Amino acid sequence: MAKVFIYPLNSLILADLVERFGHKPLTMMSQIREKVTSISLDSPPINITPEDPKLGLKYAAIEVPAGVRGRMALIGPLIEQTEAAILVENPPTNFGCVGCNRTNELTKYLIRSKGVPLLEVKYPESDEEARDFVNKIAEFLESLPKEKPEEEEKTKEGESAEKGDEK
Amino acid sequence: MTETKKEEITKYIVISSDEVLPSDAAMKIYESEFPVTVKETCFGLIVSGAKDDVETVVDRIRQLDKNHIFVKDRGFPPGDERRCRASRGGGPRPGFHFLREEVKMLPAIGAALDELEAKEHVKEKCKTKCRLKTSDLEKVIEEELAR
């Protein structure tokens, strides 16, 4: 199961397709859930703490608007986990948490420069385009490894055996 | 004594099916007797509860019409004061606009998934060489005549 970054980050269609083909979508919703359901944080707009824009500094300079840095504090950890990515060009609307074009440009740039398997498709506007869209995404997702490589599993097994020995 | 709280998640079930209505799906969940909160909406359902329960329920609902029922995560729990229209004085909930735009494309995406499934079925059949069954031939003829 690969962790697949999707753009737009809150897309229903992309999140569903990635899950349908047996992978894990990296979405904004999971990040938001952490922010709004952890008891230590207050209600919006205070749920972005002063620490978050500092986290965003890793991805954007200090002159960059705080909104970009705040968003990158949420999107950045997702980019770091990314093992594959699907970027959709020209989505019809970018509302809410993905409504900042500068953040979107930075996100796409970081994903492209990360060097992970990447699929770039256009948002479908007709039935035929939708067919191509689904076929391309299905083909891409099927080409990704479904299970973790054997080496990783072996190292994990080795570590757990060592822990067992220590006990 | 420390009590570990189960992870609570919320999922949207968006229904774009000719066979299943949001009310049918909601009834199915009530029948299953899982301890989850269900909210019926114009586009489908919002299901909230413990992670395992929600995932099981969502899988079952998806099986009702798997190519036309779509699922995604939601950050806020249902009826959350920070998002609920009741406490914000009406108007669409933030985040609804994009969902509405995507819902318009769902019939086409569902049809594409149907076609993809049919193609895979054909591929699987092609792997083993065998004679064409008369029942299959009848179906082909009927389909051709129906055009």
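Worth saying up front: this structure is predicted, and the values here are computed from it rather than measured. (Residues numbered from 1 in each chain as written. Chains lettered and ligands numbered in written order. Predicted model: local features only at pLDDT ≥ 70, side-chain atom pairs only at ≥ 80, totals over all residues.)

Caption draft 1: Quick peek at the overall build of chain B. Per the secondary structure count, chain B includes five helices and four strands. Each helix (α) and strand (β) of chain B, taken in turn from the N terminus, gives the series β-α-β-β-α-β-α-α-α. Here chain B has a C-alpha radius of gyration of 20 Å; the compact-globule value for 147 residues is 15 Å, and the former is much larger. Each principal axis of the C-alpha atoms in chain B carries an extent, and together these give about 65 × 45 × 25 Å. Residues classed as buried in chain B amount to 30% of the 147 residues present. Restricting to contacts in chain B with at least 6 residues of sequence separation, those with at least 24 account for 62%. (Helix = DSSP H or I, 4+ residues; strand = E, 2+ residues; numbered from the N terminus. Rg over C-alpha atoms; globule rule 2.2 N^0.38 Å. Buried ≥ 20, exposed ≤ 12 C-beta atoms within 10 Å, placed from the backbone. Contact = placed C-beta atoms within 7 Å.)

Caption draft 2: Structural context of the packing of helix 4 (residues 66-81) of chain A against helix 5 (residues 101-114) of chain A. Residues and elements named next belong to chain A. As a packed pair, helix 4 and helix 5 sit with axes 10 Å apart at the nearest point and diverge in direction by 25°. As far as their axial angle goes, helix 5 and helix 4 are roughly parallel. The handedness of the crossing between helix 4 and helix 5 is right-handed. Contact with helix 4, carried on its side by Val-68, Arg-71, Met-72, Ile-75 and Ile-79, involves Arg-102, Thr-103, Leu-106, Thr-107, Leu-110, Ile-111 and Lys-114 of helix 5 and no other residues of that element. In terms of residue class, the contact of helix 4 with helix 5 is made up of seven nonpolar, two polar and three charged. (Axes fitted to C-alpha atoms, helices over the stretch in contact; angles between N-to-C directions. Parallel < 35°, antiparallel > 145°, perpendicular 65-115°, else oblique. Left-handed = near helix turned anticlockwise from the far one by under 90°. Nonpolar A, V, L, I, M, F, W, Y, C, P; charged D, E, K, R; others polar.)

Caption draft 3: Representation of the interface of chain B and chain A. At the interface, 25 residues of chain B touch 27 residues of chain A. Looking at the side of chain B that touches chain A, the elements with two or more residues in it are strand 1 (8-15), strand 4 (69-74) and helix 4 (96-127) of chain B. Ranked by residue count, the leading element in the side of chain B that touches chain A is helix 4 of chain B, at 13 residues. Its residues assigned to classes, the side of chain B that touches chain A shows 14 nonpolar, three polar and eight charged.

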